[in-house]
Amino acid sequence: MVKTSAVHSKPFSMLGKQDSLPPLPVPPLQQTMDKYLLAIKPLVDEEDFDYTKDLVEDFLKPGGDGELLHNKLLQRAKTEKNWVRPSLCL
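Criteria and cut-off values
Residues numbered from 1 in each chain as written. Predicted model: local features only at pLDDT ≥ 70, side-chain atom pairs only at ≥ 80, totals over all residues. Heavy atoms only, no water. Salt bridge = Lys/Arg side-chain N within 4 Å of Asp/Glu carboxyl O. Buried < 20%, exposed > 50% of the residue type's maximum accessible area, 1.4 Å probe, protein only. Helix = DSSP H or I, 4+ residues; strand = E, 2+ residues; numbered from the N terminus. Expected span 1.5 Å × (residues − 1). Arc of directions from axis to C-beta. Contact = heavy atoms within 4.5 Å.

Participant: How should the pattern of salt bridges be read in this particular structure?
Facilitator: Opposite charge on two side chains permits them to pair, given that their charged atoms come into close proximity. Under the criterion given, the structure shown has 1 salt bridge. The partner of Lys61 in a salt bridge is Asp58, and the shortest N-O contact between them spans 3.3 Å. The class of Asp58 is partly exposed, set by a relative accessible area of 46%.

Below you can see the structure in the form of structure tokens.
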């Protein structure tokens, strides 16, 4: 019979190493929108997908909402270690 000794260690903390991780990069807006379209394509019919694709193209126009919001996100990433986490006052 083999005896094992109990190892006493600290409980595992899922966020215990959070501070040692590098910050997440902000992905390019075009990449994000491409992934969005890939994700929804199997979920909607062709007509709805075409409509959504048109909305995405409008969102991506230079000087449009997408560019504005993406620039705000890039600025937030410069000051926040975790830009993904919601803030109470944006």
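Participant: Looking at this model, I keep getting lost on helix 3 (residues 65–79). Mind explaining?
Facilitator: Given 3.6 residues to a turn, an α-helix orients residues that are three or four positions apart in the same direction. In a regular helix each residue adds 1.5 Å, so 15 residues correspond to 21 Å; helix 3 covers 22 Å between its end C-alpha atoms and thus fits that length. The complete set of buried residues in helix 3 reads Gly66, His70 and Arg76. The arc that holds every buried residue of helix 3, seen down its axis, measures 115°, which confines them to one face. Exposed side chains of helix 3 directed beyond 90 degrees from the buried face belong to Lys72, Lys78 and Thr79. Looking at the buried residues of helix 3, the elements they touch are helix 1 (29–40) and helix 2 (46–59).

The values are spatial; any link to function lies outside them.
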